[in-house]
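Listed below are the residues making up each chain.
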Amino acid sequence: MSAIVNGAGKVVDFVDQRITASNWLKRNIRKVFPDHWSFLLGEIALFSFILILLSGVFLTLWFKPSMAHIVYEGAYLPMRGVGMSEAYATTLDLSFEVRGGLLMRQVHHWGALIFLAAMSAHMLRVFFTGAFRKPREINWLIGVVLLVLGVAAGFTGYSLPDDLLSGTGLRIIEGGMLAIPIVGTYMSSFLFGGEYPGDDIIARLYPMHILLIPGLILALVTAHLMILWYQKHTHWGGPGKTNTNVAGAPFFPIYVAKAGGFQFIVMGVIVLLAATIQINPVWLWGPYDPSVVSAGTQPDWYVGFLDGALRVMPPWEFYVFGHPVTMSVLIPAILLPGIILTPLALYPWLEQKATGDTREHHLLDRPRNVPVRTGIGVAFIVFYILLWIAGGNDFFATILEIPVNWITWFIRIGIFVLPPLAFWMTKRICLGLQRRDRDKVMHGRETGIVMVSPDGEFSELHAPLSQAAAYQLTWHERQLPSDPGPATDANGIPNPNYRSKRAQARLSRFYFGDVVQKPTREELEAAHHDGHDDTHRELPSGQH
Amino acid sequence: MSAHNVNPSGDEHAVVPHGEHAVVPADPIADPGLHHEELRLTDVDKKAERRAERQVAGMFALASVLTVAFIVFYVVVGIHPDDPEHGVNIGDVQVSNLTLGLTLGLALFLVGAGAVQWARSLMTSPEVVAERHELRGDDETRAAALADFDTGTEETGFGRRKLIRNSLLGALALLPLPAVILLRDLGPNTGPTPAQRKEHTIWAEGVRVLTDVTFRPIRAADLEIGQLVNAMPATFEDLPDHGPERINERAKSPVMLVRMLPQDIHVEPGRENWGVDGILAYSKICTHVGCPISLYEQTTHHMLCPCHQSTFDLSDNGKVIFGPATRSLPQLPIAVDSEGYLIAQSDFTEPVGPSYWERTR
């Protein structure tokens, strides 16, 4: 045994004699972790978060969250003599007087963008593969909360340097708050310590940004991972991979090496981005001045859809008892997040309603095999991207050389038309892919070899799939729409639950009514029998 | 699985929800069982194995070199100017950023890539399979847990002693109140309400209109047709640098002066004397969510907010002609004082900025 193992053995011995660590280790050290590229998305989120924490701690050592007015006398000449807040001045100091300070600022910002992108992609992966199904609903909910916290962390951080862009972002938040009926002005007054912008807001956002929100994220990430660990990871079905087992690499050493290595790769890539691509050069924007704005500036990507929603709303305001209710601000700024997040959070239960299914699911769905869910997901992506385009409508107007109003009108109409269209198209594509899978299983794969029979008939040779390949296409569950049963029983007594059963059956039919089912054993046998004397010929053995 | 029909053939991959009326057909293909991975080149070829070993060690070694290089660059590439008077050279900062970032980033990347390569090509763990167990506790455990809970509840008498229970719930319901009340002083607790504060700016009768930034008074003749000038009230200069007052006024008082041909202007009744020789003054704060407005199109007199593209017609009383804003830009009535400089006739006649609940105008 090497010295390392002896050393580790001593540590384990020490801990074991105090908290029986060997018991836990025995059960977990070879824990199985399945492998798939899409499982790395969540890891990217986790690893970028760790880097954000590290770089963030570095930044706090110099940054002063103060809006006290000072006249800048630092190293950056163009700003000398300019009045600004201490927050902005210390951000300049971090960039220009601390070696590596600019790098850490850029690492922190790039890390935040990637953190949110990875969380979003991870969530889409979980959605499209059905990994949110029982027993993983709790982790889905934690994920939704983490996404919200991530956006909050990003936005508060964006606001701290007190540069022109961060102030403009806060101004829009203030405008959104003012639109809230009855309490809007008070909420704004409490947040800003009086009138906008006041000189309190940065000191108030700071503890949120460096303590409260990251603390909550850390706690929830821990819970997320503990639940994942306890429940064991989902995996893709396939030969030998079933709903009652999990196949993959052992935690130690393979997963430790791969995930540990991936941690360094993610950190390395973010640092390389920070080294080579400038982000948020606050010294160019200047200190915040509420009377100045520059055209063409964009918020960070994850806020873009909200900004886009603000842009495309028609001017809609009405009065209630003589008080204005500004729907053109209320809908995008206050209602839209709720409209998106509520169904998102509740989706696992909505689908449970459709399937009427209370079993545990550990096998992932191929997106094509649940066409309605996949359609809903793509419709949401289209909805989101449209709002995102709206958030850059001035940018797209410039690129396409068309009036910005056209883009706004395109979004106003498209937001209602395109998501349903995307749903329909996606569903059709999924059904087409299912049909192809079914054909492959029934008749084998096309070989591209065309045969002419003596009668002059053309036909294509099909090569049968191996059992493993065919199983790969058929391991998924056969999801049949449920049947509400008769409204009355044989004696004509009405079924008291019939209405709810019928509603459930409708939802189930919406989900599974036109799913292309994998062939049955009988159908397959019939097809094979068919193939030998009809158009679907199989290759002679040895040719495939 | 009790709520579901598992089909008679024992096929566990086909389950019909509420399927009392359906018979599920059998799966077409039987599970051939776990497919064992083929050997890697490094498993069979000693040369390949040694090559992989060199690759991994090479990456780790290079990472060490880069880490040392990082320290060297930290020391060698200075960003502090020799003469503080000259200020920092942005080029130095960028070189420092690039060298530190490339060395650190590549060192991190190589440590990671080395570890992954090690795992992929040299570690010998086979694919392993573990059984899953239903997460639900078995009936016996559940019953025992429930019984324990019932025993505890019985021992407290929580259900029977309603007086204790209700008074406890009442006390607990009230306790969060101090936490909420304590936040009251986040906002000012004396003086006007938040809404009242929004109704006034430091514009007042006779206050001179000064150019922004340079703070010079403006004569009507200084403005050409089609020109736009950002302006502030003369009283702004008296506000202290420190404290929130100055920046708060900066968020409320800015105006834009525009001059256009008098015949182009469509004046609303009651605003006939609000301009001076075709010069009009509008609030610069967008009525949508408060961004400062800035994109002016001379020929059409349209004013566009760069944040959300609300567009206002300055020749038509600041009316909204496109975008999400719901109310016109407030207009500041202006006049000329005895020395010929532009002054305000009064404060704005309505609150500037976005809509809010208490607003009646």
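Note that the structure is predicted; figures quoted are calculated from it, not measured.

Asker: Tell me about the pairing of strand 7 (residues 279-283) of chain B, residues and numbers included.
Answerer: Residues and elements named next belong to chain B. Extensive coverage of strand 7 is indicated by the burial of five of its five residues. Covered by surrounding structure in strand 7 are I279, A281 and S283 together with L280 and Y282, the residues of both alternating faces. Strand direction decides the pairing type here: strand 6 (residues 255-259) and strand 7, joined by five bridges, are antiparallel. Across the sheet, L257 pairs through a bridge with A281, a residue of strand 7.

Asker: Before we move on, could you go through the nonpolar core and cite the residues and values that matter?
Answerer: Ranked by size, the top nonpolar core spans 174 residues in total, and within it F115 and I270 of chain A together with V209, L257 and I334 of chain B carry the most contacts. Once residues within four sequence positions are removed from consideration, L257 of chain B is found in contact with V209, I218, L223, L228, V229, A231, I279 and A281 of chain B. Core analysis: the next-biggest nonpolar cluster, separate from the first, contains nine residues, A470, Y471, L473 and L524 of chain A among them.

Asker: Describe the interface of chain A and chain B, with residues and values.
Answerer: Between chain A and chain B, the contact holds 115 residues from the first and 98 residues from the second. For the side of chain A that touches chain B, the element with the highest residue contribution is helix 10 (residues 251-276) of chain A, accounting for 18 residues. In terms of residue class, the side of chain A that touches chain B is made up of 53 nonpolar, 42 polar and 20 charged. Bridge count between strand 4 (residues 245-250) of chain A and strand 3 (residues 128-131) of chain B: four bridges; the pairing is antiparallel. Counterpart to N245 of chain A in the pairing with strand 3 of chain B is E131 of chain B.

Asker: Please give an account of the sheet that holds strand 11 (residues 319-322) of chain B that cites residues and values.
Answerer: All names here are of chain B. Pairing within the open sheet is antiparallel, and its four strands lie in the order 8-9-10-11. Edge strands, defined here as strands with exactly one partner in the open sheet, are strand 8 (295-297) and strand 11. Strand-to-strand, the axes of this sheet are offset by a mean angle of 30°, without reference to chain direction.

Asker: Before we move on, could you go through the packing of helix 10 of chain A against helix 3 (residues 90-121) of chain B and cite the residues and values that matter?
Answerer: The contact between helix 10 of chain A and helix 3 of chain B brings their axes to 7 Å, and the two run at 160°. If you check the angle between helix 10 of chain A and helix 3 of chain B, you find them roughly antiparallel. Where helix 10 of chain A crosses over helix 3 of chain B, the handedness of that crossing is left-handed.

Asker: Tell me what's going on with the environment of V144 of chain A, and back it up with residues and numbers.
Answerer: All names here are of chain A. When you line up the elements, V144 lands in helix 6 (residues 137-159). Among the residues examined, V144 registers 18 C-beta atoms within 10 Å and is labelled partly exposed. Counting along the chain gives 197 residues from V144 to L341, while the straight-line C-alpha distance between them is 7.6 Å. Contact partners of V144, with chain neighbours within four places excluded, come to L341, L344 and A345.

Asker: With reference to specific residues and values, describe the confidence of the model for chain A.
Answerer: Across chain A, the average pLDDT comes to 92, with 96% of residues at or above 70. Scored below 50 in pLDDT, residues 533-544 of chain A makes 19 contacts in the model with residues more than four places away or belonging to other chains.

Definitions and cut-offs
- Residues numbered from 1 in each chain as written.
- Chains lettered and ligands numbered in written order.
- Predicted model: local features only at pLDDT ≥ 70, side-chain atom pairs only at ≥ 80, totals over all residues.
- Buried ≥ 20, exposed ≤ 12 C-beta atoms within 10 Å, placed from the backbone.
- Helix = DSSP H or I, 4+ residues; strand = E, 2+ residues; numbered from the N terminus.
- Pairing = 2+ DSSP bridges.
- Core = buried A, V, L, I, M, F, W, Y, C linked by C-beta atoms within 7 Å.
- Contact = placed C-beta atoms within 7 Å.
- Nonpolar A, V, L, I, M, F, W, Y, C, P; charged D, E, K, R; others polar.
- Axes fitted to C-alpha atoms, helices over the stretch in contact; angles between N-to-C directions.
- Parallel < 35°, antiparallel > 145°, perpendicular 65-115°, else oblique.
- Left-handed = near helix turned anticlockwise from the far one by under 90°.
- pLDDT = per-residue confidence, 0-100.

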